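# Chain and residue survey
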Amino acid sequence: MTTLLLALAAGAVVGLALGGLGGGGSMLAVPALVYLLGFSPAPATTASLVIVAATSLTGLLAHARAGRVRWRTGALFAAAGLPAAMAAGALSVHLPGALLTGAFAVLAALAAWRMLMPPKAEAQERSAAGLGRSTAAGAGLGAVTGLLGVGGGFLAVPALVSVLAFTMAEAVGTSLLVITANSLAALLPRLGATGAIDWAVAAPFTGAAILGAWDGKRLADKLSGRTLQMAFALALLAVAALMLITTLS
């Protein structure tokens, strides 16, 4: 019963972040699975991809109904990351758990730092060079998704805003399209390679995250995006510190 309650609570938090911020929630999914629910690192990243894909798809539908998804550009951005996501997903199952945990902790800290930085006053104009950077960002995002089991919205949203001149609302909605595609691509080479997923834990976690994604979208409509981002960044810093201490001890 305790495990079920922990899975439901953690799933709700992940869903709120994904639905409200267009990313970042997956940065909590892996540490929740490892430290709260007893998963080892490799199965945790596989289960995280299932959770993130399902939750991101739910959030995507909610934002699409509000007209906040730019499908063509988002599909091109996602396509750049699919090969990298699949390759990194196949590689990750052969890496030591401590290396994955340490890399995840560093990435969480970098994501939190980026969230805490003040937003740029103006987005750059879209250009040929900008589209080139967008392709590179898409490929990098796919590699991170495949290797560490995270959606990478904390990378996708700033790239869509600064490189492609999206509004923040469009970037949040479109990033969920990118996250869904990359998560599914990264999941395919992992299936069967990391052992069976414990669905008794993963299923309620996913269900709570899906419900949380709808609430996150509504929360984003009511609260300042910057306020949500700052609160989540502080939570990420705490998670990164815990993971680094555990890895080095």
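Not measured: the values here are computed from a predicted model. (Residues numbered from 1 in each chain as written. Predicted model: local features only at pLDDT ≥ 70, side-chain atom pairs only at ≥ 80, totals over all residues. Heavy atoms only, no water.)

### Describing the nonpolar core
Leu 33, Leu 37, Phe 39, Phe 205 and Leu 236 are the most contacted members of the largest nonpolar core, which totals 48 residues. Counting residues per element, the ones that place at least two in this core are helix H1 (2-21), helix H2 (26-36), helix H3 (41-65), helix H5 (97-116), helix H6 (128-148), helix H8 (168-187), helix H9 (199-222) and helix H10 (225-248). Counting residues per element, this core draws most heavily on H5, which supplies eight residues. Excluding anything up to four places from it in sequence, Leu 37 contacts Thr 3, Leu 6, Ala 7, Ala 32, Val 201 and Phe 205. (Core = buried A, V, L, I, M, F, W, Y, C linked by side-chain atoms within 4.5 Å. Buried < 20%, exposed > 50% of the residue type's maximum accessible area, 1.4 Å probe, protein only. Helix = DSSP H or I, 4+ residues; strand = E, 2+ residues; numbered from the N terminus. Contact = heavy atoms within 4.5 Å.)

### Comments concerning the pattern of salt bridges
One pass over the structure, following the stated rule, counts one salt bridge. We note a salt bridge from Glu 170 to Arg 70, for which the minimum N-O separation is 3.3 Å. Of the two residues, Glu 170 sits in helix H8 while Arg 70 sits in the loop between H3 and helix H4 (71-92), which places them 100 residues apart along the sequence. Accessibility expressed as a relative area gives 26% for Arg 70, which makes it partly exposed. (Salt bridge = Lys/Arg side-chain N within 4 Å of Asp/Glu carboxyl O.)

### Focus on H4
Relative to the 32 Å expected for 22 residues at 1.5 Å per residue, H4 spans 30 Å between its end C-alpha atoms, a close match to the ideal helical length. The sharpest bend along H4 measures roughly 35 degrees and falls at Gly 81, with the proline Pro 83 sitting one to four residues further on. (Expected span 1.5 Å × (residues − 1). Bend = angle between axes of the 7 residues up to and from the residue.)

### Points about the packing of H4 against H8
Interaxial distance between H4 and H8 falls to 8 Å at its minimum, and their mutual angle equals 25 degrees. Overall, the two elements H4 and H8 adopt an arrangement that is roughly parallel. Crossing of H4 against H8: the hand is right-handed. Across the interface between the two elements, Trp 71, Gly 74, Ala 75, Phe 77, Ala 78, Gly 81, Leu 82, Ala 85, Met 86 and Gly 89 of H4 pack against Thr 174, Leu 177, Val 178, Ala 181, Asn 182, Ala 185 and Ala 186 of H8. Classifying every residue of the contact of H4 with H8 by side-chain character gives 12 nonpolar, five polar and no charged. (Axes fitted to C-alpha atoms, helices over the stretch in contact; angles between N-to-C directions. Parallel < 35°, antiparallel > 145°, perpendicular 65-115°, else oblique. Left-handed = near helix turned anticlockwise from the far one by under 90°. Nonpolar A, V, L, I, M, F, W, Y, C, P; charged D, E, K, R; others polar.)

### A look at a nonpolar patch on the surface
A cluster of nonpolar side chains, contributed by Met 1, Leu 4, Leu 5 and Leu 8, occupies part of the molecular surface with about 410 Å² of accessible area. As for its position among the elements, Leu 8 is in helix H1. Judged by relative accessible area, Leu 8 falls into the partly exposed class, the value being 35%. (Patch = residues over 30% accessible without salt bridge, like charges linked within 9 Å, V, L, I, M, F, W, Y side chains within 5 Å. Areas by Shrake-Rupley, 256 points an atom, 1.4 Å probe, with all protein chains shown as cover.)

### Some remarks on the side chain of Thr 180
Inspection of the secondary structure puts Thr 180 in helix H8. At 3.3 Å, the side chain of Thr 180 and the backbone nitrogen of Leu 57 are in polar contact. (Polar contact = N/O pair within 3.5 Å; in protein donor to acceptor, adjacent residues only side chain to side chain.)

### Notes on the environment of Gly 67
Mapping Gly 67 onto the fold places it in the loop between H3 and H4. Overall, Gly 67 belongs to the exposed group, its relative accessible area being 58%. In sequence terms Gly 67 and Glu 170 are 103 residues apart; their C-alpha atoms lie 8.2 Å from each other.

Just distances and angles here, no functional claims.
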